[in-house]
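# Tertiary structure, described
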Amino acid sequence: MGEKQEGFKSKELRRGAKRLLQRDLELTRVREELEQKIKELEAAKEREMVLRIREIAKATDIKRKVEELEKKTKELKDARRALLNILEDVDEARKKAEEERNKTLAIIANLTDGLLVFDSDNRISLVNSRAEEILGVRFEEIEGESISGLGRLPLLRPIAQLVKEKGRVFREEVKLHENLILEVTTTLITREKEKIGSLLVLHDITREKRIERMKTEFVSVAAHQLRTPLSAIKWSLGMILAEDMGPLTEEQKAFLQKTYNSNERMINLVNDLLDVARIEEGRYIYKPVFCDLTKICQAVINSHKAIINRKKIKFEFKKPKEKLPQIKLDEEKISLAIQNLLENAIRYTPPGGKVVVSLKRKKREIEFSVKDTGIGIPKEQQSRLFTKFFRGTNAVRMETEGTGLGLFIAKNIIESHRGRIWVESEENKGSVFHFSLPIGLTSSYRK
Amino acid sequence: MAKKVLIVEDEEILLGLLQKRLKREGYDVLLARNGEEGLKMMRKGSPDLVLLDIVMPKMNGFQVMEEMNKDNQLKKIPVIIISNSGQPVEIDKAQRLGARDWLIKTEFDPEEVLKKVDKQIGK
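Residues numbered from 1 in each chain as written. Chains lettered and ligands numbered in written order. Predicted model: local features only at pLDDT ≥ 70, side-chain atom pairs only at ≥ 80, totals over all residues. Heavy atoms only, no water.

## Let's talk about the overall build of chain A
- From N to C terminus, chain A includes 11 helices and 12 strands.
- In chain A, which comprises 447 residues, the share counted as buried stands at 37%.
- Long-range pairs, those at least 24 residues apart, make up 58% of the contacts in chain A between residues at least 6 apart in sequence.
- A total accessible area of about 29,000 Å² is found for chain A, and carbon and sulfur atoms account for 55% of it. (Helix = DSSP H or I, 4+ residues; strand = E, 2+ residues; numbered from the N terminus. Buried < 20%, exposed > 50% of the residue type's maximum accessible area, 1.4 Å probe, protein only. Contact = heavy atoms within 4.5 Å. Areas by Shrake-Rupley, 256 points an atom, 1.4 Å probe, with all protein chains shown as cover.)

## With respect to the confidence of the model for chain B
- Counting all residues, the mean pLDDT for chain B is 88, and 99% of those residues have values of 70 or more.
- Confidence metrics for the complex model read pTM 0.57 and ipTM 0.74. (pLDDT = per-residue confidence, 0-100.)

## Some thoughts on the side chain of Thr-228 of chain A
- Following the sequence through the fold, Thr-228 of chain A ends up in helix H5 (residues 206-241).
- Here the side chain of Thr-228 of chain A touches Asn-84 of chain B through a polar contact of 3.0 Å, side chain to side chain. (Polar contact = N/O pair within 3.5 Å; in protein donor to acceptor, adjacent residues only side chain to side chain.)

## Re the sheet that holds strand S5 (residues 194-204) of chain A
All names here are of chain A.
- Reading across the sheet, the five strands line up as S2-S1-S5-S4-S3 and stay open at both edges, with antiparallel pairing between neighbours. The open sheet has two edge strands with one neighbour each: strand S2 (124-127) and strand S3 (170-177). The sheet shows a mean angle of 25° between the axes of neighbouring strands, direction not considered.
- Relative to S2, strand S1 (residues 114-119) is paired through three bridges, and the arrangement is antiparallel. Its bridge partner lying in S2, Phe-118 is registered against Ile-124. (Pairing = 2+ DSSP bridges. Axes fitted to C-alpha atoms, helices over the stretch in contact; angles between N-to-C directions.)

## Some words on the environment of Gly-419 of chain A
- With respect to the helices and strands, Gly-419 of chain A occurs in the loop between helix H11 (406-416) and strand S11 (420-426).
- Along the chain, Gly-419 of chain A and Glu-365 of chain A lie 54 residues apart, while their C-alpha atoms are 8.7 Å from each other.

## Comments concerning the pairing of strand S10 (residues 365-372) of chain A
All names here are of chain A.
- Of all eight residues that make up S10, six are buried, and the element is covered over most of its length.
- Pairing of strand S9 (residues 354-362) with S10, which is carried by eight bridges, proceeds in the antiparallel orientation. Within S10, the residue paired with Val-356 across the bridge is Lys-371.
- Linking S9 back to S10 in an antiparallel pair, the connection comprises two residues, with Lys-363 at a positive phi of about 55°.
- Sheet topology note: the S10/strand S12 (residues 430-438) ladder contains seven bridges and is antiparallel. Bridge pairing in S12 places Lys-371 opposite Val-432.

## Some words on the pattern of salt bridges
All names here are of chain A.
- For the structure on display, the rule yields 36 salt bridges over all chains.
- Notably, a salt bridge pairs Glu-100 with Lys-103, separated by 3.8 Å at the nearest N-O pair. Of this pair, Glu-100 and Lys-103 both sit in helix H1 (residues 2-110), three residues apart, which is roughly one turn of the helix.
- Residue classification places Glu-100 among the partly exposed positions, given a relative accessible area of 44%.
- Across the salt bridge formed by Arg-171 and Glu-183, the nearest N and O atoms sit 3.1 Å from each other. On the criterion of sequence distance, the pair formed by Arg-171 in strand S3 and Glu-183 in strand S4 (residues 180-191) is long-range, its members being 12 residues apart.
- Overlapping salt bridges bring together Asp-61, Arg-64, Lys-65 and Glu-68 as one network. (Salt bridge = Lys/Arg side-chain N within 4 Å of Asp/Glu carboxyl O.)

## Concerning the packing of helix H6 (residues 250-281) of chain A against H11 of chain A
All names here are of chain A.
- Close contact between H6 and H11 brings their axes to 10 Å; oriented N to C, the two are set at 40°. As the angle between them shows, H6 and H11 are arranged oblique. Crossing handedness for the pair H6 and H11: left-handed. Only Phe-408, Ile-409 and Asn-412 of H11 make contact with H6, whose side of the interface consists of Asp-272, Asp-275, Val-276, Ile-279 and Glu-280.
- Per-class residue counts for the contact of H6 with H11 are four nonpolar, one polar and three charged. (Parallel < 35°, antiparallel > 145°, perpendicular 65-115°, else oblique. Left-handed = near helix turned anticlockwise from the far one by under 90°. Nonpolar A, V, L, I, M, F, W, Y, C, P; charged D, E, K, R; others polar.)

## Details of the interface of chain B and chain A
- With 26 residues of chain B in contact, the opposing surface of chain A contributes 20 residues.
- Carbon and sulfur atoms make up 57% of the area that chain B and chain A hide from each other, which totals about 2,100 Å².
- Inspection of the region where chain B meets chain A yields two salt bridges.
- For the pair chain B and chain A, the interface holds seven residue pairs in polar contact (both at pLDDT 80 or more).
- Looking at the side of chain B that touches chain A, the elements with two or more residues in it are helix H1 (12-24), helix H4 (88-96), strand S5 (101-104) and helix H5 (110-121) of chain B.
- Here the side of chain B that touches chain A takes seven residues from H1 of chain B, the largest share from any one element. (Buried area = accessible area lost by both parts, 1.4 Å probe.)

## Overview of the confidence of the model for chain A
- Here chain A averages 86 in pLDDT, while 96% of its residues score no lower than 70.
- Low pLDDT (under 50) marks residues 442-447 of chain A, which in the prediction has 15 contacts with non-local residues, meaning those over four places away or in another chain.

## Re the packing of aromatic side chains
All names here are of chain A.
- Tallying each qualifying case throughout the model produces two aromatic pairs over all chains.
- Taken together, a centroid distance of 4.7 Å and an interplanar angle of 15° make the contact between Phe-368 and Phe-435 stacked. With Phe-368 in strand S10 and Phe-435 in strand S12, this residue pair connects regions lying 67 residues apart in the sequence.
- For Phe-368, a relative accessible area of 1% gives the class buried.
- Taken together, a centroid distance of 6.2 Å and an interplanar angle of 80° make the contact between Phe-386 and Phe-433 edge-to-face. Of this pair, Phe-386 sits in the loop between S10 and helix H10 (393-398) while Phe-433 sits in strand S12, and the two are 47 residues apart along the sequence.
- Note on Phe-433: relative accessible area 7%, which makes it buried. (Phe/Tyr/Trp six-rings, centres within 6.5 Å; stacked < 30°, edge-to-face > 60°.)

## Observations concerning a positive patch on the surface
Residue and element names in this part refer to chain A.
- Where like charges cluster on the molecular surface, the positive patch consists of Lys-318, Lys-321, Lys-360 and Lys-371.
- Positionally, Lys-318 belongs in strand S7 (residues 314-318).
- Residue classification places Lys-318 among the partly exposed residues on the basis of a relative accessible area of 45%. (Patch = residues over 30% accessible without salt bridge, like charges linked within 9 Å, V, L, I, M, F, W, Y side chains within 5 Å. Lys, Arg positive; Asp, Glu negative; His and termini not counted. Charge placed at Lys NZ, Arg CZ, Asp CG, Glu CD.)

## Thoughts on the packing of helix H2 (residues 35-45) of chain B against helix H3 (residues 61-70) of chain B
Residues and elements named next belong to chain B.
- Relative orientation of the contacting elements H2 and H3 amounts to 30°, with a least axis distance of 9 Å. Judged by the angle between their axes, H2 and H3 are roughly parallel. In this structure, H2 crosses over H3, and the sense of that crossing is right-handed. Across the interface between the two elements, Gly-35, Leu-39 and Met-42 of H2 pack against Val-64, Glu-67 and Met-68 of H3.

Below, the structure is given as structure tokens:
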């Protein structure tokens, strides 16, 4: 083999080395590829793992959530059932309320009294059929109007006027025409102290008024008819007593005098009844003129001096320190009121007792009072003292005579003069009757 | 000559009593039982004074006074009203029609009537 062989061999080697190198390179590349793949696979696996883990986590969460949801659904179902129950109840309550409302509306509609309801802005929000009938309007015509706006309707004018004058709450008689007299009452409607409107109630009192007038007229006529024969008796007895018909024995005189006195009592009773009838007819106070109350008092006292002395009662008149201003009075009626109070004091005070009349100025008023040491008035009866025909039980025991009209008349006289009358009294100790009259009032008096 | 008083009053007993009392005092007394009769008596008997009731049949006291006011002669005769009710409205009206005085039946005795008559046409 020589050189040639030698050459061949190294050629071969070189070729082999080259191949080896190539393979090595190849292997490295493959290895790298594989490693890369493994890396990729590992990354993929890792991702998959994470996903799985996530999925597993999700699944657990969902389960929990499902459980929660199921629980909630159950709760909801329960709630729904409960709600349905409530709804049923509410529905029933609503039905009931509606029924109640209809019933109330029916009651209002069928009330025999007229009813007008105003809302908190004083606008008409309801009128029942009786009110429509009385006033001759339909609710639709006046819905939402204010009371002053209603003055345009002739029948509502006096009522609107009243509301304007008297404010929101009052009770008054209103004569709309000859055959329709109403008692109009207004009241506030409040809920938890909050004003939510007002009511105007129209109560028809035409019939009551007619009966009352008939009664008063009857009393008036009867009393007038009684006066004529009573006058005849009085005059006859008076003349016989004056011995105009010939001389009388002492006994005859005494009896006739008693008869005369009884007749006087009868006349007084009839006069009282007539006064009451006139008070009720509303034509009692007549033409007030400026008077001196001290003088009037003195005159009434003077005419009772004799009886005061006869009963041995101590008497005192405490005159005012200053001269009182004159005030507008119906002198005759005020005298009568003073007389009624003074006579009571004298009558119900036992002999040896004391009666004090006093007159004084108190700011814008003149106050009269008569104080006695008489039988007094039981506490529980004092509130009825000024009512018609009332007499205290102890007064009746002491004096069977008496009509129970004197204080009623006195009260009416004083109140007609815009005054006040009141009493302080204690049984078995005595009474003080007071009245006060305003000074300087020239406005119209109640007739 | 005695003064003449005409009493116009429908209540017989009061009429009788007044007549008796006035006669005893020396007055001449004429009687009438209603307004119409009263006016007739005034014209016929020319009294010096009239005692006049208000509520009477035929013609009441106010109507009588209205008639008197239309007559120049009768207008001069003083009138005293004898009222039953004594209501201020009534008295006021009588005074406006010219009544000189008035009295309320239940409050006066014939004695007091006499005083009022004396005061008007005293002897």
